[in-house]
Amino acid sequence: MRCMRGDTAAATWRKARLYRANMQPVVWLGIFLIIVGAALVLLPTLAKHVDLSRVPPWIIYVYKHDGFYFVTSPLLIIISIISVIVYILTR
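Residues numbered from 1 in each chain as written. Predicted model: local features only at pLDDT ≥ 70, side-chain atom pairs only at ≥ 80, totals over all residues. Heavy atoms only, no water.

In terms of regular secondary structure, the protein chain is built from two helices and two strands. Along the protein chain, helices and strands appear, N-terminal first, in the series α-β-β-α. The buried share of the protein chain, reckoned over its 91 residues, is 10%. The long-range fraction of contacts in the protein chain, counting pairs at least 24 apart against all pairs at least 6 apart in sequence, stands at 14%. With an accessible surface of roughly 7,900 Å², the protein chain has 71% of that area assigned to carbon and sulfur atoms. (Helix = DSSP H or I, 4+ residues; strand = E, 2+ residues; numbered from the N terminus. Buried < 20%, exposed > 50% of the residue type's maximum accessible area, 1.4 Å probe, protein only. Contact = heavy atoms within 4.5 Å. Areas by Shrake-Rupley, 256 points an atom, 1.4 Å probe, with all protein chains shown as cover.)

Counting residues in each nonpolar core, the largest one holds five residues, listed as Leu43, Ala47, Leu52, Ile60 and Val71. Excluding anything up to four places from it in sequence, Val71 contacts Leu43, Pro44, Ala47, Ile60, Tyr61 and Val62. (Core = buried A, V, L, I, M, F, W, Y, C linked by side-chain atoms within 4.5 Å.)

Turning our eyes to something else, we now look at the pairing of strand E2 (residues 68-72). Two strands pair when backbone bridges link them, and strand E1 (residues 61-65) and E2 are joined in this way by five bridges, in the antiparallel orientation. What sits directly across from Lys64, in E2, is Tyr69. In this antiparallel pair of consecutive strands, E1 and E2, the connection spans two residues, and Asp66 shows a positive phi of 50°. (Pairing = 2+ DSSP bridges.)

Taken together, the side chains of Met23, Val26, Val27, Trp28, Ile31 and Ile35 present a nonpolar region at the surface, about 550 Å² in accessible area. Among the secondary structure elements, Val27 is positioned in helix H1 (residues 9-49). By relative accessible area, which is 41% here, Val27 ends up partly exposed. (Patch = residues over 30% accessible without salt bridge, like charges linked within 9 Å, V, L, I, M, F, W, Y side chains within 5 Å. Salt bridge = Lys/Arg side-chain N within 4 Å of Asp/Glu carboxyl O.)

Next up, the structure:
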């Protein structure tokens, strides 16, 4: 962050520290979403080796046919649709 006209160096550092503090929740959300995405990418590989039939189908749905594995989460799809609708309505 550059010093703006009339700002002292200390004021600029305070603004930068406040900006970093405001971004902290966004960073944690990003890390959480990366972990969830990695887990969802690894689910088909996990489904080949572990029996996921005991998991309720509304959490994880596994489709197996001739060596083809498709794993999805209906709950995640519903949450995504709701979040898109809320985003569109609040814009």
